[in-house]
Amino acid sequence: MKKSVVSAAIAALAIGVAFAAPAKAAGVSACLITKTDTNPFFVKMKEGATAKAKELGVTLKSYAGKIDGDSESQVAAIESCIADGAKGILIAASDTKGIVPSVKKARDAGLLVIALDTPLEPADSADATFATDNLLAGKLVGQWAKETLGDKVKDAKVGFLDLTPSQPSVDVLRDQGFMMGFGIDPKDPNKIGDETDPRIVGHDVTNGNEEGGRKAMENLLQKDSGINVIHTINEPAAVGAYQALKAVGLEKQVLIVSIDGGCPGVKSVKEGVIGATAQQYPLMMAALGVEAIKKFADSGEKPKPTEGKSFFDTGVSLVTDKPVSGVKSIDTKEGLNKCWG
């Protein structure tokens, strides 16, 4: 390696950023902005982006909110990315409507902005979206729950453990998808909480973590202790719900379904904590996002959506060890082999 390259590498490491080894990639930089840096889903997303950036010689800076719903930190991160001269931003937005003015500012400054996992509102506020088909993910777990209950579905008592009061698009899509799959009329498909189906016990928010899931489950049990189906926004919330149920001896009464398909979540399915989960692939989302920013920096070309969809679909699989007729699924062994790849 030439002396000048070695010196540049040392300088890059000294300021705490990833050094882009290929000389021709010098100056190509990207930002990853996630909802938190503790949720395993976003940890895996960061892992995928970091590995791909290293492979392509792209300098990557990562930012995250303090908790799910912390949009202020994400706004500040976008400002930093613009000031740093980044070529693009990958963002999993906490407030899918509120972040739009900041995203517009970044795009006006010439940055490519890609939404990961969570579409912005409106979706075309970003240059592209790389995500799971979250509506389909919700439908899959809803259909599974419906078929599992069989004739008992007509007397079900259903609770929803959602994300945050701002109702980000990912929350709405999963929630409404579950209803469609289960056989509940969601009314306005862009809104949570306007349904009139008497089987719905209620909705509560979890901030996507175990503590929130536990508290939300306790709140729903106070409304109706006979609740027997729970749809959760993600697996940490599902684990919290299970803990609350177990504390009062009701863990065998309630069928829990979730979405994410992380390795810990698939293990929860294997252990019977969660009945079924819809697996998505955040590592792929982030890696593809970094590739898209590099291509944009090199050629000005922007990514295109999957044919027939408004976003680039990174896939989804239902994971359960209790398959039902008419709903395609994989078992936990395969789910663990694939988790978040």
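What this report covers is the structure whose coordinates are included nearby. (Residues numbered from 1 in each chain as written. Predicted model: local features only at pLDDT ≥ 70, side-chain atom pairs only at ≥ 80, totals over all residues. Heavy atoms only, no water.)

Remarks on the overall build of the protein chain
In terms of helices and strands, the protein chain carries eleven helices and twelve strands. On C-alpha atoms alone, the protein chain measures out to a radius of gyration of 21 Å, which is about the 20 Å that the 2.2 N^0.38 rule sets for 341 residues. Dimensions of the protein chain, computed from the C-alpha atoms along their principal axes, are close to 70 × 40 × 35 Å. Taken over 341 residues, the protein chain has a buried fraction of 53%. Residue pairs at least 24 apart in sequence account for 70% of intrachain contacts in the protein chain once pairs closer than 6 positions are excluded. If you sum the accessible surface of the protein chain, you get close to 14,900 Å²; carbon and sulfur atoms cover 53% of it. Averaging the coordinates of the 40 positive side-chain charges in the protein chain and doing the same for the 43 negative ones gives two points 6 Å apart. (Helix = DSSP H or I, 4+ residues; strand = E, 2+ residues; numbered from the N terminus. Rg over C-alpha atoms; globule rule 2.2 N^0.38 Å. Buried < 20%, exposed > 50% of the residue type's maximum accessible area, 1.4 Å probe, protein only. Contact = heavy atoms within 4.5 Å. Areas by Shrake-Rupley, 256 points an atom, 1.4 Å probe, with all protein chains shown as cover. Lys, Arg positive; Asp, Glu negative; His and termini not counted. Charge placed at Lys NZ, Arg CZ, Asp CG, Glu CD.)

Topic: helix α9 (residues 263-270)
One turn of the α-helix equals 3.6 residues, which is why residues spaced by three or four share an orientation. Along α9, the residues that are buried comprise Gly265, Val266, Ser268 and Val269. Buried residues of α9, seen end-on, are gathered within an arc of 155° and therefore sit on one face of the element. Lining the buried residues of α9 we find α8 (235-247), β10 (276-279), β12 (317-319) and α11 (332-338). Note on α9: the residue one or two positions beyond its end, Gly272, has a positive phi of about 90°. (Arc of directions from axis to C-beta.)

Some details on the pairing of strand β7 (residues 200-205)
The sheet contact formed by strand β6 (residues 158-162) and β7 spans five bridges and is parallel. The partner of Gly159 across the bridge, within β7, is Gly202. With helix α6 (residues 169-182) bridging β6 and the parallel β7, this β-α-β connection has right-handed handedness. (Pairing = 2+ DSSP bridges. Right-handed = clockwise from strand over helix to strand, strands pointing away.)

With respect to the nonpolar core
Residues Trp144, Phe178 and Phe182 are the most contacted members of the largest nonpolar core, which totals 25 residues. Put simply, the parts of the chain that give this core at least two residues each are α5 (134-149), β6, α6, β9 (255-260) and β10. Ranked by residue count, the leading element in this core is α5, at six residues. If sequence neighbours within four positions are ignored, Trp144 has contacts with Leu255, Val257, Gly275, Ala276, Leu318, Thr320, Lys322, Val324 and Val327. One finds Val28, Ala53, Val58 and Leu90 within the second-largest nonpolar core, a separate group that totals 24 residues. (Core = buried A, V, L, I, M, F, W, Y, C linked by side-chain atoms within 4.5 Å.)

Observations regarding the packing of helix α3 (residues 71-83) against helix α4 (residues 100-108)
With their axes 10 Å apart at the nearest point, α3 and α4 run at an angle of 5° to one another. Taken as axis vectors, α3 and α4 run roughly parallel relative to one another. For the pair α3 and α4, contact is made by Val75, Ile78, Glu79 and Ile82 and by Ser102, Val103, Lys105 and Ala106, respectively. Within the contact of α3 with α4, the residues separate by chemical class into five nonpolar, one polar and two charged. (Axes fitted to C-alpha atoms, helices over the stretch in contact; angles between N-to-C directions. Parallel < 35°, antiparallel > 145°, perpendicular 65-115°, else oblique. Nonpolar A, V, L, I, M, F, W, Y, C, P; charged D, E, K, R; others polar.)

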